[in-house]
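Secondary and tertiary structure notes
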Amino acid sequence: MNTTNTAQSEGPESFPQAATLELRHVSKEYPGGRGPAIVDLSLSVGAGEVCVLVGPSGSGKTTALRLINRMIPLTAGDILLGGRSVLDREPTELRREIGYVIQQIGLFPHQTVAENVATVPRLLGWEKPRITARVDELLHLTGLDPDEIGPRYPAQLSGGQRQRVGVARALAADPPLMLMDEPFGAIDPITRGHLQDEFLRLQESVRKTVVFVTHDIDEAIKMGDRIAILREGGRLAQYDTPEKLLTEPADDFVAEFVGADRALKRLGLATLRDIELLVPNGAVPAGRVTRGTTVRDALSQLLAQGGRPLEVIGEQGEVAGIVTLELLGGLLG
Amino acid sequence: MTPLASAPGPVIPNFGGGPSSFACERANRLFCSDWVSANWSTVLWPALRQHIVLTLIAVAIGFAISTALALLAYRRRWLERPVLVVTSVLYTIPSLALFELLEPLPGLGLSRTTAEVALVSYTLLILFRNTLTGLREVPDEVRDAAAGMGMGPVQTLVRVELPLALPAIIAGLRIATVTVISLATVAALIDNEGLGVPILTAISNEVFKTELIAAGALAVALALAADGLLVIAQRLLTPWARVAAR
């Protein structure tokens, strides 16, 4: 999963599919002296990994993201993309190689969806037929019908559709790195959940290196292979896998940030596929869940049913086993 | 028809030479359509054509100057205030006074150039302010996305900022064009052409007003037509704006 993948997926002119990213002792201080925004931040992200930057407001997570594609200049330190310093690159050329998604999306209102998605390929001077084919492919990939949605203007889309177009546009030139700044922040909770699931599914196939900023620890746990928790003043508190953060928070700040319910959150990381179910004993189950259900949701259902066992349905619709409170309680130990 | 009460008998106006030749003219009707059809190709049509040329030149030059100023002020904020002060002063000078003020200047005199200088100066404030506002109203996140995807400043301006400012720019052009069409009639005082000429002739004639009514109506029709054309241009150039307004 975290192997370096340098496969060329778009022919000879395209970028490597994913690249490693390394922040080395990065600092940022804005002129005007409100104190440093980022202090000595070092992180390395493997190719094809999703790294989530999370923290309260004022922790510099958006600043850190914007330093990577040089939207704001570094004060000290270095950032390496694919082993090469971003400071040696022409900023516009560098940015065409990095997908960029922001919370307000920033679709061009005067261009159709198809034209929006074609932005970076056009900047890179791709041939027209190649651009058209790529736009269709991306709209399909993000769950949008190219014939129906392609000719529309952004004002004619729903919030969720706009967000999908934003992701399609960022992926257009098949960049090795994606920067996503609270991409689902302005979306209602239900659509946000769908978009998160969709993005994870998309990531399974495109395998980009992703830096994802959010202030929502639950989103961070759901999306991240690794999570960097930043504290006020732009200092790194802990950089670890979601499991490690939840089981071994480095200090009180991290423990408080991940929440008192971190044991429950851990249950959200696993599904019923990951645990050994009990054999049905003939008792009438109180309800049914699928194997894809997270352990946390299964626990919630069990509690709602007064603790009576639930039947677990497998991929082919067969009864895979049953799950009880005792079984899940054992996992917490 | 009875002559006007104040006239002590049939008054025969003398314009452009020759005795009057139309019944309605001799009868001092307020509007004499026979005169209009007889003088269309010699008086009114040439005046209308000159008027269109005067207007096109003034709006084109004004547009070029104010767009350049707006682009400069968009990049260098401090320029906005001085440009606004100068163009506002120009805009507030009464047109009659401005024409008279420009006339004695060397190289100007009683010429089309003098008329154009004055007309252009009236377009600057409107065009400058509208273009600058249009550019400033481009949403920050759109500008951020453009930069983040690797557009340079010129590409962002040409592909994103100017197209998005287009509705405001065209709105400015509509006001400027109608203003110039109206003011260009006054320009006839120093530059003997345009629809102002028949109007001035009729003003100096105490009784016969057909020329004034015909030329005035043509000026209004021209303003409406120009405005309509610009509205059509806007619809063709900014199909997205109508979608967004729904």
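Please refer to the structure higher up on the page.
Residues numbered from 1 in each chain as written. Chains lettered and ligands numbered in written order. Predicted model: local features only at pLDDT ≥ 70, side-chain atom pairs only at ≥ 80, totals over all residues.

1. Description of the interface of chain A and chain B
Taken residue by residue, the interface counts 20 residues in chain A and 17 residues in chain B. Breaking the side of chain A that touches chain B down by element, the ones donating at least two residues are α2 (91–96), β6 (98–102) and α4 (119–123) of chain A. With four residues, the single largest contributor to the side of chain A that touches chain B is α2(A). Split by residue class, the side of chain A that touches chain B holds 10 nonpolar, seven polar and three charged. (Contact = placed C-beta atoms within 7 Å. Helix = DSSP H or I, 4+ residues; strand = E, 2+ residues; numbered from the N terminus. Nonpolar A, V, L, I, M, F, W, Y, C, P; charged D, E, K, R; others polar.)

2. Remarks on the sheet that holds strand β4 (residues 76–81) of chain A
As a general point, the strands of a sheet are linked pairwise by backbone hydrogen bonds and lie either parallel or antiparallel. Read across the sheet, four strands follow the order β2-β1-β4-β5 (chain A) without closing on themselves; strand pairing throughout is antiparallel. In the strand order of this sheet, the two ends are held by β2 (38–45) and β5 (84–85) of chain A, each with one partner. (Pairing = 2+ DSSP bridges.)

3. Some remarks on the sheet that holds strand β12 (residues 310–313) of chain A
Residue and element names in this part refer to chain A. In space, the three strands of this open sheet follow the order β11-β12-β13, with mixed pairing throughout. In the strand order of this sheet, the two ends are held by β11 (287–290) and β13 (319–323), each with one partner. Put simply, the sheet's adjacent strands are angled 30° from each other on average, direction ignored. (Axes fitted to C-alpha atoms, helices over the stretch in contact; angles between N-to-C directions.)

4. Considerations on the packing of helix α2 (residues 33–75) of chain B against helix α9 (residues 210–237) of chain B
Residue and element names in this part refer to chain B. Where α2 contacts α9, the two axes come as close as 11 Å, and the packing angle between them is 45°. When the axes of α2 and α9 are compared, the pair comes out oblique. The handedness of the crossing between α2 and α9 comes out as right-handed. Each of Trp35, Val36, Leu44, Ala47, Leu48, His51 and Ile52 in α2 lies in contact with α9, whose residues at this interface are Thr210, Ala214, Ala215, Leu218 and Leu222. (Parallel < 35°, antiparallel > 145°, perpendicular 65-115°, else oblique. Left-handed = near helix turned anticlockwise from the far one by under 90°.)

5. Quick notes on the packing of helix α7 (residues 153–183) of chain B against α9(B)
Residue and element names in this part refer to chain B. Taken N-terminus to C-terminus, the directions of α7 and α9 make an angle of 170°; their axes are 9 Å apart at the nearest point. With respect to α9, the axis of α7 lies roughly antiparallel. On the side of α7, the interface is formed by Leu166, Pro167, Ile170, Leu173, Arg174, Thr177, Val178, Ile181 and Ser182, while α9 contributes Ala219, Leu222, Ala223, Ala226, Asp227, Leu230, Ala233, Gln234 and Leu237. In the contact of α7 with α9, the residues fall into 13 nonpolar, three polar and two charged.

6. Topic: unusual backbone geometry
Residue and element names in this part refer to chain A. Even without a glycine there, the phi angle at His25 is positive, about 45°. Examined against the element boundaries, His25 turns out to sit in strand β1 (residues 21–28). When the 11 C-beta atoms within 10 Å are taken as the criterion, His25 is described as exposed. Even without being glycine, Arg70 reaches a positive phi, approximately 60°. Position of Arg70 among the secondary structure elements: in the loop between α1 (61–68) and β4. The buried category is assigned to Arg70, around which 20 C-beta atoms lie within 10 Å. (Buried ≥ 20, exposed ≤ 12 C-beta atoms within 10 Å, placed from the backbone.)

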